[in-house]
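Here are the chains, one letter per residue:
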Protein chains: 4
Amino acid sequence: MGKETQAADIYLRKAEELAAEFAKDAVERDKAGGTPKRQRDLIRESGLLKLIIPSQYGGDNQPWSVALRIVRELAKSDASLAHVLGYHYFMVVQAHYKGSLEQQRFYYRETVRNNWFWGNSSNPLDRNVIGRKTAEGAVLSGRKGFSSGSTDSDMLLVSWNDDKTGEFLVGAIPSSRDGIRIHEDWDSFGQRQTGSGTVSFEQVQVAEAEILDVESRRPFAFSTIDPILSQSILANIFAGSAEGALAEAKQYTLTQSRPWISSNVDKASLDPYILQQYGEFWTDLKAAVLLVEQAALELDELWAKEFALTEAERGEAAVTVATANAFAAKTALAITGGILEVTGARSTASRYGFDRFWRNVRTHTLHNPTVYKLRNVGDWVLNDEIPKPSLYS
Amino acid sequence: MGKETQAADIYLRKAEELAAEFAKDAVERDKAGGTPKRQRDLIRESGLLKLIIPSQYGGDNQPWSVALRIVRELAKSDASLAHVLGYHYFMVVQAHYKGSLEQQRFYYRETVRNNWFWGNSSNPLDRNVIGRKTAEGAVLSGRKGFSSGSTDSDMLLVSWNDDKTGEFLVGAIPSSRDGIRIHEDWDSFGQRQTGSGTVSFEQVQVAEAEILDVESRRPFAFSTIDPILSQSILANIFAGSAEGALAEAKQYTLTQSRPWISSNVDKASLDPYILQQYGEFWTDLKAAVLLVEQAALELDELWAKEFALTEAERGEAAVTVATANAFAAKTALAITGGILEVTGARSTASRYGFDRFWRNVRTHTLHNPTVYKLRNVGDWVLNDEIPKPSLYS
Amino acid sequence: MGKETQAADIYLRKAEELAAEFAKDAVERDKAGGTPKRQRDLIRESGLLKLIIPSQYGGDNQPWSVALRIVRELAKSDASLAHVLGYHYFMVVQAHYKGSLEQQRFYYRETVRNNWFWGNSSNPLDRNVIGRKTAEGAVLSGRKGFSSGSTDSDMLLVSWNDDKTGEFLVGAIPSSRDGIRIHEDWDSFGQRQTGSGTVSFEQVQVAEAEILDVESRRPFAFSTIDPILSQSILANIFAGSAEGALAEAKQYTLTQSRPWISSNVDKASLDPYILQQYGEFWTDLKAAVLLVEQAALELDELWAKEFALTEAERGEAAVTVATANAFAAKTALAITGGILEVTGARSTASRYGFDRFWRNVRTHTLHNPTVYKLRNVGDWVLNDEIPKPSLYS
Amino acid sequence: MGKETQAADIYLRKAEELAAEFAKDAVERDKAGGTPKRQRDLIRESGLLKLIIPSQYGGDNQPWSVALRIVRELAKSDASLAHVLGYHYFMVVQAHYKGSLEQQRFYYRETVRNNWFWGNSSNPLDRNVIGRKTAEGAVLSGRKGFSSGSTDSDMLLVSWNDDKTGEFLVGAIPSSRDGIRIHEDWDSFGQRQTGSGTVSFEQVQVAEAEILDVESRRPFAFSTIDPILSQSILANIFAGSAEGALAEAKQYTLTQSRPWISSNVDKASLDPYILQQYGEFWTDLKAAVLLVEQAALELDELWAKEFALTEAERGEAAVTVATANAFAAKTALAITGGILEVTGARSTASRYGFDRFWRNVRTHTLHNPTVYKLRNVGDWVLNDEIPKPSLYS
């Protein structure tokens, strides 16, 4: 076993410990919503925030496949915390491919030094934050929704449209910056502790150095990998949610479920239909896991190429990730919705929280529609067309 | 149009009015759980409680098809209230096929006179209530779960096992009888306002006349139609839930959904995939509605035969109802889980409560497993075996 | 039982007899392809060719629901013969809604008198037959494919485009007309005895009176019901094919299938998974049958309205039929493909011909894509848009 | 790239060449059935028959993953030839795990020397061949069905039951041995050129040395891997059939399919529903390929362990292979049945043979029922029970 793998194992152990801890009150916290402050602090203490950051900046230099594996592990017990950690990784690397070398260095180094937990308020479909150019940088005002991971964050990736040109700009600033208000108003039926609500900006100053130098990176395919990263993270959350649902169902079937009165078996775990259904769940789930793992390795290669990445390579990777994401979404919906059939009527009691897996996956799979990912995959299969780089492809 | 149909229409109008009223705060009440006292009183005031009772006792003498149609109507906005009304009908007729003629008369007449709302605490799989025979009747002690409609009920169908013989007995008594305590402890993730929690019994007196004379009715196939009635009620709740989900989704897609960025259409309602999905929902839903309606007509015939019903006729009807129930269950799960795909990410906001349809159907379809109903149907199709009368077939 | 129903029963009996006769060598004839001359003559002798023709012209005046029921019955054993009879009905009524009153009378009366069996060579998507206007009518030359029922036909509905104006015209002429050559070149993997191959025309004379007076009928919605009729016929063939497949599977499972070695049952007919699958087949099939039957009754109403039919009524009926057709297609594909799972490995022997059901349905469901029918249904459900009258909607 | 991989690539190239050659008349040969003599000779000439045989006996010493990859490659154009080559590998290694070391050596060495093509007549469920023990070995009489690869074979694996003890015995003898008659009577609707018909035995002599020494191997888990090998081979044929179907469909859609009249696109390859469907096919197919490839690597490890293999390891591998097989079966059925929807009505013409993929997969997936594999997988997932070694698990 090579050294890098050993390191990966160490991080996976940490993730397993966190997942076990999160599991203790996952059901209650799902009901409560809001910000899982204690759990976020446990993530901070785990050292996992710097996992993806290169060694030269003090990070652990782990590949994306390890980061995604950890996200998947957390999703087994808590898809919200998996999401905020996954998006932390997503945000912390923004300057790497959209910023100048100085910005990359600065944000990496300072993240390690301060153990920053990143969130975002940068949904590009929401054009309600307007920035005015100034001598020192820009001043932002407005509100932005879907700001996942913003509550209790240390740093925020923010985006705005220029008041004159309409240009879309991206910056990275402390969440405590004057004029920022992070509303705790996320209230969906799923992914309830992701803090994906509104952030409002009132005359918020962004220094020139904090505005990512997207312009200089635009010629490179590497600068357009946002959807590849976000869809990879989500795919792993879907797969992990399904794994977690199946594991909890198993415990329940084994210890609580009663055999159906006309089943002619003594234990629910011997019911032929229940066995078949576990077999189907597993078969699909294993396929999903293989797909997300293979996509993660392809992402590792893509990431290693950095600005040498070609458009064709970027396109192939986008297809690979879309494939994994679409399959994981379908599978996770089927499993998280289906487990109740192998646990039975009494397992619907609120205290088990067995519906939360489905609610989480149902909510999260709407982030960008599966059917349009399938269309893109189909266009590549049939017409050899790689997806046009965009916000979601 | 015949007179009976006109009457049916009048009752359907009432049901539509109730459904509209229930819709106003269905989302909030789903969150709150507990007993929908005001809504139950509206049902009381609507006059619908006596719908199924023969004219000679002052009832409206409507056939089961009308009762089920009303249940389905209510389920469009509130599956819990549909359930408690459906089970009210189920309970109010118990003495008709399990009791003596005197009992039938008494309970019908008194229900009309007092506008009783019936609930139950008679789950036969739960053997925790024990009855001791006395000179006057029986004395019950213990607890029983899954007592749907017990909270705020006027009358309760109760069941117990005899402490000596183990014999399973059924009685009908006022919910206010000394020693009865109705716990408000139902807390599942679905069907949250059905009050399906625990009822405890402490030395509860049941008079001889209140114990249904099941013994005298046992020779008749008619006395074994419990599962035909309960599965008919549930099938209509499933179908109605799907209809309600689709109707709410439609309003949302038309007024709130945004076209997907790569869809090349101006409105979500023109998206080819969304149109296809509405087409699929409708196609399956219409099939489900035809099945439950056809089954309801067959139930009307069965009911009209009363004690002349043969075992073969009872068996055929059981297959018809199981078929409708299984199909409606499958369809309702698919539609209530799928509507989010035609409404989109922002429709997951808690205030819309769009997950409640799925939670309700998911919970309720576990009442008795669909796969065992399919097995029974298959045994009839393949081996010409009608289902052996039992609690669930 | 009313007199009309009795008549319907008589025709259904005849159809059952034909179906039983066709079943005898359906497997061999499927392999052989070509024209089932003897079977077509049995149809001629059955008297069923005049079924749909009004009494005043000597016909049996049966509604479409009876015609479709007969088509479905034949499809149980032979979907090709069901198709040619269904399309005979479709062709024989063309003059009724696209022709003048004289044409209607003529073709109805002569069909009865001569016991004509109609076929067609009128696929409107195929524009290779060109007509030249003459003083007496038109002269046609060219070739047309997908000419279902043309082989061994007595009369042909033909269509062409005018050489000058491109106008699409339709006529009805004897198949023996000089210059017509009916090629026996239909060779698809399904619906193999429908004779759906090429007809070539060499200077074929069509008299003015034989050219349907479509122009005068164009203002009426009734003149645009082609797709409603054709999709109704196909929907019934799909449903009947599934019924036939299930019936043959049942016989095989009961008499030939061996229990799987690890099933712990003595007979395949007791296998829990096989029972479940029969239950699923039945559940879906019954839904399909209810849908096609309800659509047939709606078609009866539409047909009775004739030229008083409004566009809105026509639109609603088109949706009803598309719904039934799409559901029947989906169900028939699932059942005809799935029966092998309940019959087993040895049932794949060619002599049973158990694949022919799937091949027939697979071929026939491509006639016009289900997904576009679903889109139309969805457009009606979501946007209250009725389908724009066209060749396929 | 390591040397072994290069070797693997060379063999894959050969397989691709064969597949291309077989594709030329695959449609005609499917119709004809019978024995593809010329193609079998091409396999003989390709050198691939000794691929799996260890170097010390003159073989190419390739792992099972390479053999299976080749089988999958052939299945893209001809699932029958893929099957007979796959089963050749299966038969050629029988002595390796069921015979003495001498038998292993003999059959391996002689296979290389004579370039033997193996077939079988050893279906254990068919107990019609009876053997009488003699001083020199045994004398067999009777008939055995499902003898895949028997026609045109050089060697046959045969099995019989002892006339006294009923014991099940296995031997390996030349196909030309006196008294053997290989009937060309395989006539199923799928896998038509596998020669899986009957072999009859009339007083056929089997020498002692030709009877595999199963007894001495029985204590070892390695001797029970028959189902692991056969299910691996089938899983790859399923996956390859789906890949081939998709590739042919793609060419047709691109070059032949017409856009649907209401699709508003110029080319079928731009139709949104067709793109989606290609995306779905691909997504599932890629999952199937990953599963069979991962299972093949696990089989390589199992094979390398030989008689050191533990029951637990054997059990885990059996689950892995069952998982891959079940998923590949489901996917291959969906894709081979679905491609017609993306090619359209005219693609049903017999000359394209597009139904053969489905017929092959439908036939072959009945070899042992998927649902029982799922049950076994479920038993492992839920109860941690590994499959009890048997003929099919």
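About the thresholds
Residues numbered from 1 in each chain as written. Chains lettered and ligands numbered in written order. Predicted model: local features only at pLDDT ≥ 70, side-chain atom pairs only at ≥ 80, totals over all residues. Heavy atoms only, no water. Helix = DSSP H or I, 4+ residues; strand = E, 2+ residues; numbered from the N terminus. Rg over C-alpha atoms; globule rule 2.2 N^0.38 Å. Buried < 20%, exposed > 50% of the residue type's maximum accessible area, 1.4 Å probe, protein only. Areas by Shrake-Rupley, 256 points an atom, 1.4 Å probe, with all protein chains shown as cover. Lys, Arg positive; Asp, Glu negative; His and termini not counted. Charge placed at Lys NZ, Arg CZ, Asp CG, Glu CD. Contact = heavy atoms within 4.5 Å. Buried area = accessible area lost by both parts, 1.4 Å probe. Salt bridge = Lys/Arg side-chain N within 4 Å of Asp/Glu carboxyl O. Polar contact = N/O pair within 3.5 Å; in protein donor to acceptor, adjacent residues only side chain to side chain. Domains from an automatic or database assignment. Least-squares fit on C-alpha atoms with pLDDT ≥ 70 in both. Pairing = 2+ DSSP bridges.

Peer 1: Looking at this model, I keep getting lost on the overall build of chain A. Mind explaining?
Peer 2: When its secondary structure is counted, chain A shows 13 helices and seven strands. Its C-alpha atoms give chain A a radius of gyration of 21 Å, near enough to 21 Å, the size a compact globule of 393 residues would have. For chain A, buried positions account for 65% of its 393 residues. As displayed, chain A has an accessible area near 14,200 Å², and 51% of this comes from carbon and sulfur atoms. With 44 positive and 51 negative side-chain charges, chain A shows a separation of 3 Å between the mean positions of the two kinds.

Peer 1: I would appreciate a short explanation of the interface of chain D and chain A in the present structure.
Peer 2: Where interface size is quoted, it is often the accessible area lost as the parts come together. In this assembly, 34 residues from chain D lie in contact with 35 residues from chain A. The junction of chain D with chain A conceals about 3,100 Å² of combined surface from both sides, 72% of it contributed by carbon and sulfur atoms. Inspection of the chain D/chain A interface yields four salt bridges. Residue Lys330 of chain D is joined to Asp284 of chain A by a salt bridge in which the shortest nitrogen-to-oxygen separation is 2.7 Å. Across the chain D-chain A interface, the total number found is ten residue pairs in polar contact (both at pLDDT 80 or more).

Peer 1: So what exactly am I meant to see when it comes to the domain arrangement of chain A here?
Peer 2: Residue and element names in this part refer to chain A. One can read the domain layout of chain A as domain 1 (3–114), domain 2 (118–214) and domain 3 (221–383). Between the C-alpha centres of domain 2 and domain 3 there is a distance of 31 Å. With four residues of domain 2 at the interface, the matching set in domain 3 holds six residues. When domain 2 packs against domain 3, close to 510 Å² is buried across both sides, 58% of that on carbon and sulfur atoms.

Peer 1: How do you make sense of the relation of the copies chain D and chain A when you look at a structure like this?
Peer 2: The operation relating the two chain copies consists of a rotation about an axis and a shift along that axis. Overlaying chain D on chain A yields an RMSD of 0.0 Å, the required transformation being a rotation through 180 degrees with an accompanying axial translation of 0.0 Å. The symmetry that links the two subunits is that of a two-fold axis. The position closest to the rotation axis in chain D is occupied by the C-alpha of Ala287 of chain D, lying 2.6 Å away. In this assembly the copies share their binding face: 100% of the residues contributing to the interface of chain D also contribute to that of chain A.

Peer 1: How do you make sense of the pairing of strand β7 (residues 199–207) of chain B when you look at a structure like this?
Peer 2: The side chains of a regular strand alternate, residue by residue, between the two faces of the sheet. Residue and element names in this part refer to chain B. The pairing of strand β3 (residues 137–144) with β7 spans seven bridges and is antiparallel. From the neighbouring strand, Val139 faces β7, where its bridge partner is Gln205. Where strand β6 (residues 180–182) meets β7, three bridges bridge the pair, whose relative direction is antiparallel. When the bridges of β7 are listed, Ile182 appears paired with Val199.

Peer 1: It is not clear to me how the pattern of salt bridges should be interpreted in this structure. Could you clarify?
Peer 2: A side chain with one charge may pair with a side chain of the opposite charge, provided their charged atoms come close. Residue and element names in this part refer to chain C. For the structure on display, the rule yields 112 salt bridges over all chains. Taking the shortest distance from any N to any O, the salt bridge between Arg356 and Glu248 comes out at 3.1 Å. Of the two residues, Arg356 is situated in helix α12 (residues 356–364) and Glu248 in helix α9 (residues 226–255); the sequence distance between them amounts to 108 residues. For Arg356, a relative accessible area of 3% gives the class buried. For Glu248, a relative accessible area of 24% gives the class partly exposed.

Peer 1: Quick question: what am I supposed to make of the side chain of Ser148 of chain A here?
Peer 2: All names here are of chain A. Mapped onto the secondary structure, Ser148 falls in the loop between β3 (137–144) and β4 (155–162). Classification of Ser148 by relative accessible area gives buried; the value is 10%. Among the polar contacts made by the side chain of Ser148, one reaches the side chain of Ser196 at a distance of 2.7 Å. Setting aside anything within four residues of it in sequence, one finds Ser148 in contact with His83, Gly119, Asn120, Thr194, Gly195 and Ser196.

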